[in-house]
Amino acid sequence: MRVHVHDLLREQAESAGGARALTYRDLTVDYTWLHEACRALAGGLLEIGLDRGDRVGILLDKRVETVVSIFGTSAAGGVFVPVNPVLKPDQVSYILDDCDVRVLVTTRQRWEQVSPLAEELESLRHVVLVDGTAGTGAGNLGQGRVLQHAWADVASATGARTPTTTPGVDSDIAAILYTSGSTGRPKGVVLSHRNLLVGAESVSRYLGNNPDDVILSALPLSFDAGLSQLTTAFASGAHVVLVNYLLPRDVVRLCARHGITGLTCVPPLWIQLAGEDWPAEATSSMRYIANTGGRMPASTLARLREIFPAASPFLMYGLTEAFRSTYLDPAEVDRRPDSIGKAIPNAEVLVLRPDGSRCRPGEHGELVHRGPLVALGYWNDPERTSQRFRPYPSPAPSWRAPEIAVWSGDTVVADDEGFLYFVGRSDDMIKTSGYRVSPTEVEEAAYEVGAVRDAVALGVEDAVLGQRIVLVVTTGPGADLDTRELDRELRARLPLFMVPAEIVVLPEIPRSPNGKLDRVWLRKEVAS
């Protein structure tokens, strides 16, 4: 019986332990090895003092130790927090501090970048270095309360407590995934074991994943769709191939080398892949291709279908707050290529008016997701949780506690047959390269440069990126702003996907009647 996320590996180890589970570079491990490695790490985490519900930050690129850390934390009763390794140290520090991470698993180089901020991380007690020297024991890192451990010592600690079947229920917290918010710092979406297990079963069902599949993990594991590639594969006994630092030709090479059968990407990567030369050995095994994180251009989809004539195209839409929400049946792609489809199995997706009543076909409304995939809310943020996670409007009074649904903030419309079409976002979030970017984070970075007086970050439609980031700024009296210098400063402060593609300097930015910078006017001006 699956109750917790790590049960996915236990089941596969019991039924098909010798089957390939995970490949990274030249190393391939089977399900028995992976399951035992996760149990060993869980024992080591318990030995150094991890308590039930403690958060374990995982600041790593994709590698075998990353996957072991995710499922080993689950086996120890902890909560895993995957952190995107492209984030800057202050962004990493914010996430670790926000959810009170107790144990951090990372590399020596990344810890050296974050450690100057360690005094702010009041809950951090242990750092496990995957490239630490084994056999040296725990060492004080100079921050007093923070101890350093080598991965080999924790993952195979002599006399470590062996985790038993973890008590608790599937509603326990399994993970916290951080996603950008429209008003500033990222917010942590709290996912239960039930969320992740139901999501894995649902997505693997409509994708038809099976033990013969070989899935290329091309998305960050801190991204809900990237994590889903692991859970859906392990739910069906498939083989996952990990890859980092993508170049389009690397994807082609790996597809040929491993006989990849399933590939999920975001639109900018698909656009690049559509321009590559694909030999027959890289395409002949492909069973499905899937898109998430934004709309795929019709020309790109047409080219991909030429490259992979035998592969089924799945066009998907998802929310971190509900893991996955909709997909378009490949049989409908020719009839309605602009649709985001219908609800995935085990979910209900509705189009509602502001008062909670259902919209008619053709009427714009907000996409609302209900069912077992709805997350538990935002970590330590009841205000934003209450805004997005609200009781589902029941048609009749009931003695039961109201069911909580997630209001997406996205405007959609349904046709007469119930197929959904994305219209736009109701907030100012920028969707670029598959990432959700908070305009406030970009603006705050610009304000740190002394010459900037006003700053507004906008998302402008872009055929490759979905949206490109345009930063509009004004300068203070007598200030001299060099846009090239501003670009350099922003690159030092922000990960690459947040750096504006264009910087526009205006003498003045109009203000709305309530005194705010007029984003509507700016968006029209920039677009024109």
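As the structure is a prediction and not an experimental result, all values here were calculated from the model.

Q: So what's going on with a negative patch on the surface? Which residues, and what values?
A: A cluster of acidic side chains, namely Asp 97, Asp 100, Glu 119, Glu 120 and Glu 122, defines a negative patch on the protein surface. Relative to the helices and strands, Glu 122 resides in the loop between α5 (108-114) and β6 (126-129).

Q: How would you sum up helix α14 (residues 439-447)? Please name residues and give values.
A: Taking burial as the measure, the nine residues of α14 include seven buried ones, the bulk of the element. Pro 439, Thr 440, Glu 441, Val 442, Glu 443, Ala 445 and Ala 446 are the residues of α14 that are buried.

Q: Just give me the short version of the packing of aromatic side chains, but keep the residues and values in it.
A: Enumeration according to the criterion identifies nine aromatic pairs in this entry. Through a chain of ring-to-ring contacts, three or more aromatic side chains come together here, namely Tyr 206, Tyr 288, Phe 314 and Tyr 327. Above the plane of the ring of Phe 419 lies Lys 342, whose end atom (NZ or CZ) is 4.4 Å from the centre.

Q: I'd love a proper account of the pairing of strand β28 (residues 502-505), names of residues and values included.
A: As paired strands, strand β27 (residues 466-475) and β28 are joined by four bridges and run parallel to one another. Opposite Leu 471, over in β28, you have Ile 503 as the bridge partner. Viewed along the sheet, the connection from β27 through helix α15 (residues 483-493) into β28 turns out right-handed.

Q: Explain the sheet that holds β28 residue by residue, including any values.
A: Think of a sheet as strands paired side by side through backbone hydrogen bonds, with each pair either parallel or antiparallel. Strand order in the open sheet formed by three strands is β26-β27-β28, and the pairing between neighbours is mixed. Two strands lie at the open edges of the sheet, namely β26 (452-462) and β28, each paired on one side alone. Taking each pair of neighbouring strands and ignoring which way they run, the sheet shows an average axis angle of 25°. Along the sheet face, α15 touches β26, β27 and β28 and points at about 135° away from the line of β28.

Q: Go over the packing of helix α3 (residues 64-75) against helix α8 (residues 224-236), please, and point to the residues and values.
A: It is at 12 Å that the axes of α3 and α8 come closest, and there the two elements cross at 75°. What the angle tells us is that α3 and α8 run roughly perpendicular. Across the interface between the two elements, Val 67, Ile 70 and Phe 71 from α3 touch Leu 227, Leu 230 and Phe 234 from α8. Looking at the contact of α3 with α8, its residues break down into six nonpolar, no polar and no charged.

Q: Go over the sheet that holds strand β14 (residues 288-291) with me, naming the residues and quoting the values.
A: If you walk across this open sheet you meet the nine strands as β2-β1-β12-β11-β13-β14-β15-β16-β17, and the pairing is mixed. The outermost strands of the open sheet, each flanked by one partner alone, are β2 (27-30) and β17 (342-343). Where strand β16 (residues 326-328) and β17 come together, two bridges link them in antiparallel fashion. Opposite Tyr 327, over in β17, you have Lys 342 as the bridge partner. Packed on one face of the sheet, α8 meets β1 (20-24), β11 (214-217), β12 (239-242) and β13 (262-265) and runs near 155° to β12. Set on the sheet, helix α9 (residues 248-258) makes contact with β1, β11, β12 and β13; between it and β11 the angle comes to about 160°.

Scoring rules and cut-offs
- By convention here, each chain's residues receive numbers from 1 onward along its written sequence.
- Given that this is a predicted model, residues contribute local features only at a pLDDT of at least 70 and side-chain atom pairs are listed and counted only at 80 or more, while totals for whole chains, interfaces and linings are drawn from all residues.
- Side-chain metrics in this entry use all non-hydrogen atoms of the structure; hydrogen atoms and water are not considered.
- To count toward a patch, a residue needs a relative accessible area over 30% and no salt bridge; like charges are then connected within 9 Å, while nonpolar side chains (Val, Leu, Ile, Met, Phe, Trp, Tyr) are connected within 5 Å.
- The protein chains shown are the only cover counted for residues, whose accessible areas, like all others here, come from Shrake-Rupley with a 1.4 Å probe.
- Any Lys or Arg side-chain nitrogen located within 4 Å of an Asp or Glu carboxyl oxygen qualifies as a salt bridge.
- Positive: Lys, Arg. Negative: Asp, Glu. His and the chain ends are not part of the count.
- Lys charges are placed at NZ, Arg charges at CZ, Asp charges at CG and Glu charges at CD.
- Here a strand is any run of E in DSSP of at least two residues, a helix any run of H or I of at least four, and the numbering for each starts at the N terminus.
- Under the scheme applied here, a residue whose accessible area is under 20% of the maximum for its type counts as buried, over 50% as exposed, and between as partly exposed, the area being computed with a 1.4 Å probe on protein chains only.
- Classification of ring pairs uses Phe, Tyr and Trp, with its six-membered ring standing for Trp, and accepts pairs whose centres are within 6.5 Å; under 30 degrees between planes counts as stacked, over 60 as edge-to-face, and the remaining range as tilted.
- We count a charge as sitting over a ring when the NZ of a lysine or the CZ of an arginine lies within 6 Å of the ring centre and within 35 degrees of the ring normal.
- In this description, strands pair whenever DSSP reports at least two bridges between them.
- We call a crossover right-handed when, viewed with both strands directed away from the observer, the connection leading from the first strand over the helix to the second proceeds clockwise.
- Fitted lines through C-alpha atoms serve as axes, helices being fitted only where they are in contact, and the angles separating the N-to-C directions of these axes extend from 0 to 180 degrees.
- Any pair of residues with heavy atoms lying within 4.5 Å of one another is described as a contacting pair.
- In what follows, roughly perpendicular refers to angles from 65 to 115 degrees, roughly parallel to angles under 35, roughly antiparallel to angles over 145, and oblique to any angle outside these ranges.
- For this classification, the nonpolar set comprises Ala, Val, Leu, Ile, Met, Phe, Trp, Tyr, Cys and Pro, the charged set comprises Asp, Glu, Lys and Arg, and every other residue, Gly included, is treated as polar.

That's the geometry; what it means functionally is another story.
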